[in-house]
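A structural walkthrough
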Amino acid sequence: MKELLIATKNKGKAEEFKVFFERYGIIAKSLLDLQEDLPDIEETGETFEENAALKSEGIAKILNIPVLADDSGLVIDALGGKPGIYSARYAGEPKDDKKNIEKVLRELGDLPVEKRTARFVCVLSLSIPGNSTIYKKGTCEGVIGFEEKGIHGFGYDPIFIPEGYNQTLAELGPDEKNKISHRANAIKQLEEWIQNQQ
Ligand SMILES: O=c1[nH]c(=O)c2ncn([C@@H]3O[C@H](COP(=O)(O)OP(=O)(O)OP(=O)(O)O)[C@@H](O)[C@H]3O)c2[nH]1
Ligand SMILES: [Mg+2]
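This is a predicted model, so every value here is computed, not measured.

1. Structural notes on the UniProt feature "binding site: Mg(2+)" (unreviewed entry) in the chain
The UniProt feature table records "binding site: Mg(2+)" (unreviewed entry) at Glu-42 and Asp-71. Over a stretch of 30 residues, the named residues converge on one spot in the fold, their C-alpha atoms separated by at most 12.3 Å. As for its placement among the helices and strands, Glu-42 is situated in the loop between strand E2 (27-30) and helix H2 (48-63). Assessed through its relative accessible area of 64%, Glu-42 is described here as exposed. Its place among the elements puts Asp-71 in strand E3 (residues 67-76). Take Asp-71: its relative accessible area is 3%, and that puts it in the buried class. The contact partners of Asp-71, leaving out residues within four places of it in the chain, are Lys-13, Glu-43, Phe-48, Asn-51, Ala-52, Lys-55, Ile-85, Val-121, Cys-122 and Val-123. A distance of 2.9 Å separates the side chain of Asp-71 from the side chain of Lys-55, its partner in a polar contact.

2. Quick word on the environment of Glu-147
You can see Glu-147 is positioned in the loop between strand E5 (134-144) and strand E6 (160-162). A relative accessible area of 47% means that Glu-147 is categorised as partly exposed. Between the C-alpha atoms of Glu-147 and Asn-100, which are 47 residues apart in sequence, the distance is 13 Å. Discounting chain neighbours no more than four positions away, the residues touching Glu-147 are Leu-105, Pro-158 and Ile-159.

3. Looking at the pairing of strand E4 (residues 117-127)
A large share of E4 lies buried, amounting to 10 of its 11 residues. Of the pairings in the sheet, the one linking E3 to E4 comprises 10 bridges and is antiparallel in character. Within E4, the position partnered with Leu-74 by the bridge is Phe-120. Pairing between E4 and E5: 10 bridges, direction antiparallel. Across the sheet, Cys-122 pairs through a bridge with Gly-138, a residue of E5.

Cut-offs used in this document
- Residues numbered from 1 in each chain as written.
- Chains lettered and ligands numbered in written order.
- Predicted model: local features only at pLDDT ≥ 70, side-chain atom pairs only at ≥ 80, totals over all residues.
- Heavy atoms only, no water.
- UniProt positions renumbered as here; feature names shortened; annotations may be inferred.
- Helix = DSSP H or I, 4+ residues; strand = E, 2+ residues; numbered from the N terminus.
- Buried < 20%, exposed > 50% of the residue type's maximum accessible area, 1.4 Å probe, protein only.
- Contact = heavy atoms within 4.5 Å.
- Polar contact = N/O pair within 3.5 Å; in protein donor to acceptor, adjacent residues only side chain to side chain.
- Pairing = 2+ DSSP bridges.

In structure tokens form, the structure reads like this:
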């Protein structure tokens, strides 16, 4: 296989997948690269797995090709696991990364750093027509900072400081992020499958 469709309309994710899959000689296309305007898939599930499957199975069924989806989010301990599966639209519609960050910082207030623990979670679902969907999960542990820092990445990257670092993912930049991120860790789990497709 030389091409794989990723069922995402998120530019930041699409860019990360392109870089990951280049290593395997696979061109990762996203829904943003397609000519046809496919219907938006409502993420009505209650888990990352359910939402990922809605996206990959939904698009695989329409196009009858293998499709990978990513459902991901930020799980903050002090907020009882929020924003979790609601990360993309935490501050409401339309999706707004800046407002989401402001809401999280407001909710955490001046809680000390040891109470600001969090993790990014990424669940990948791969749906190949005629086969059952397979799932791979990756996480990235860290803490939520006190202010936005850095210009790279997307979403909550400017306030997420991964374990073992003292800079945010948005300061560290794509090369470092792609070594340690939840998405990178989930992709590693898919590696075996990818290698068998060559
Ligand atoms: O700082 C971040 N760095 C990341 O690496 C990351 N990964 C996920 N997230 C957050 O979680 C939502 C996913 O929600 P989500 O899986 O439904 O994706 P989405 O709605 O953005 O696009 P799609 O793939 O569904 O089309 C995103 O919008 C972000 O808010 C991230 N934030
Ligand atoms: Mg989404």
